[in-house]
Amino acid sequence: MTFFENVDWSDIGQACLDTLIMLSGSLVLTILLGLPLGVLLYLTGKGRLIENRLANGALGIAVNILRSVPFIILLIVMIPLTVLLVGTSLGVAGAIPPLVVGAAPFYARLVEGSLKEIDRTTIEAVQAMGATTRQIVTRALIPEAMPGLISGATVTAVALVSFTAMAGVVGAGGLGDLAIRFGYQRFQTDVMVVTVVLLVVLVQIIQYAGDALARHFTRR
């Protein structure tokens, strides 16, 4: 009897592919939604370029509500909306909408924090040159905050890895689904160990790549 006798490596390979698809698809959508949301939170804040307390308060409340809902509950609550959007609540496609809704507000706050760290003199210098708000955002704020934005995306990607594992509870597929169905429900410890090791390796790769990219932009 070998320790890996219960491990079906073809299933492991498919689960890895499903996890990578869920992660990459949800991360791209999270950045596309979270970046402008974070920029709006920053711009409408007190003393900012387009200060608007009402808009900032409404956005802040919405972001905080979504961030406060545990992801496992969000998965279940969003089932009707997920079915409406992608036609199913199962598999990789069914996992992406709740993954994005769960991660985008989190990334938006990280974006807002990165923008707040920018020296105001940089913004004032661009304003003095007659730049519009859009030009200030695209030519000053985002380039200056790029290392922080990349670091925030890295943290978000790591969080999404854990979210994809939890999505296995509702049949989303991926390594989390494999760990639950075989490792937990069938007491196959070897399957559980393999899936956990692969998730840890994935997180390490993401963190290393994110740190390297952030350092690259810091040196520029």
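Bear in mind that the values here come from a model prediction, so they are computed numbers and not experimental data. (Residues numbered from 1 in each chain as written. Predicted model: local features only at pLDDT ≥ 70, side-chain atom pairs only at ≥ 80, totals over all residues. Heavy atoms only, no water.)

Let us now look at the overall build of the chain. Counting secondary structure elements, the chain contains nine helices and zero strands. Mapped in sequence order, the helices and strands of the chain form the string α-α-α-α-α-α-α-α-α. Along the longest, intermediate and shortest principal axes, the C-alpha atoms of the chain span 75 × 40 × 25 Å. Taken across its 220 residues, the chain has 40% of its residues classed as buried. Of the contacts formed within the chain by residues at least 6 apart in sequence, a portion of 73% connects residues at least 24 apart. Averaging the positions of the 14 positive and the 13 negative side-chain charges in the chain gives two centres separated by 13 Å. (Helix = DSSP H or I, 4+ residues; strand = E, 2+ residues; numbered from the N terminus. Buried < 20%, exposed > 50% of the residue type's maximum accessible area, 1.4 Å probe, protein only. Contact = heavy atoms within 4.5 Å. Lys, Arg positive; Asp, Glu negative; His and termini not counted. Charge placed at Lys NZ, Arg CZ, Asp CG, Glu CD.)

Our next topic: the pattern of salt bridges. If you walk through the whole model with that rule in mind, you get four salt bridges. With its nearest N and O atoms 3.5 Å apart, the salt bridge here joins Lys 116 to Glu 112. Residue Lys 116 and its partner Glu 112 are located together in helix H5 (residues 91–116), separated by four residues, close to a single helical turn. Judged by its relative accessible area of 9%, Glu 112 falls in the buried class. Of the charged contacts in the structure, one is a salt bridge between Arg 181 and Asp 177, with a shortest N-O distance of 2.9 Å. With Arg 181 and Asp 177 both in helix H8 (residues 174–184) and four residues apart, the pair spans about one turn of that helix. The exposure class assigned to Asp 177 is buried, which follows from its relative accessible area of 9%. (Salt bridge = Lys/Arg side-chain N within 4 Å of Asp/Glu carboxyl O.)

Another aspect to go through is the nonpolar core. Nonpolar side chains tend toward joint burial in soluble globular proteins. Formed by 30 residues in total, the largest nonpolar core has its most connected members in Leu 99 and Leu 160. Of all elements in the fold, only helix H1 (9–43), helix H3 (71–77), H5, helix H7 (133–166), H8 and helix H9 (189–219) reach the threshold of two or more residues within this core. The greatest single-element share of this core, amounting to six residues, is contributed by H5. (Core = buried A, V, L, I, M, F, W, Y, C linked by side-chain atoms within 4.5 Å.)

Attention shifts here to the environment of Cys 16. In this fold, Cys 16 is placed in helix H1. Assessed through its relative accessible area of 22%, Cys 16 is described here as partly exposed. Each C-alpha atom, one on Cys 16 and one on Gln 185, is 20 Å from the other, the two residues being 169 residues apart in sequence. Setting aside anything within four residues of it in sequence, one finds Cys 16 in contact with Leu 175 and Leu 198.

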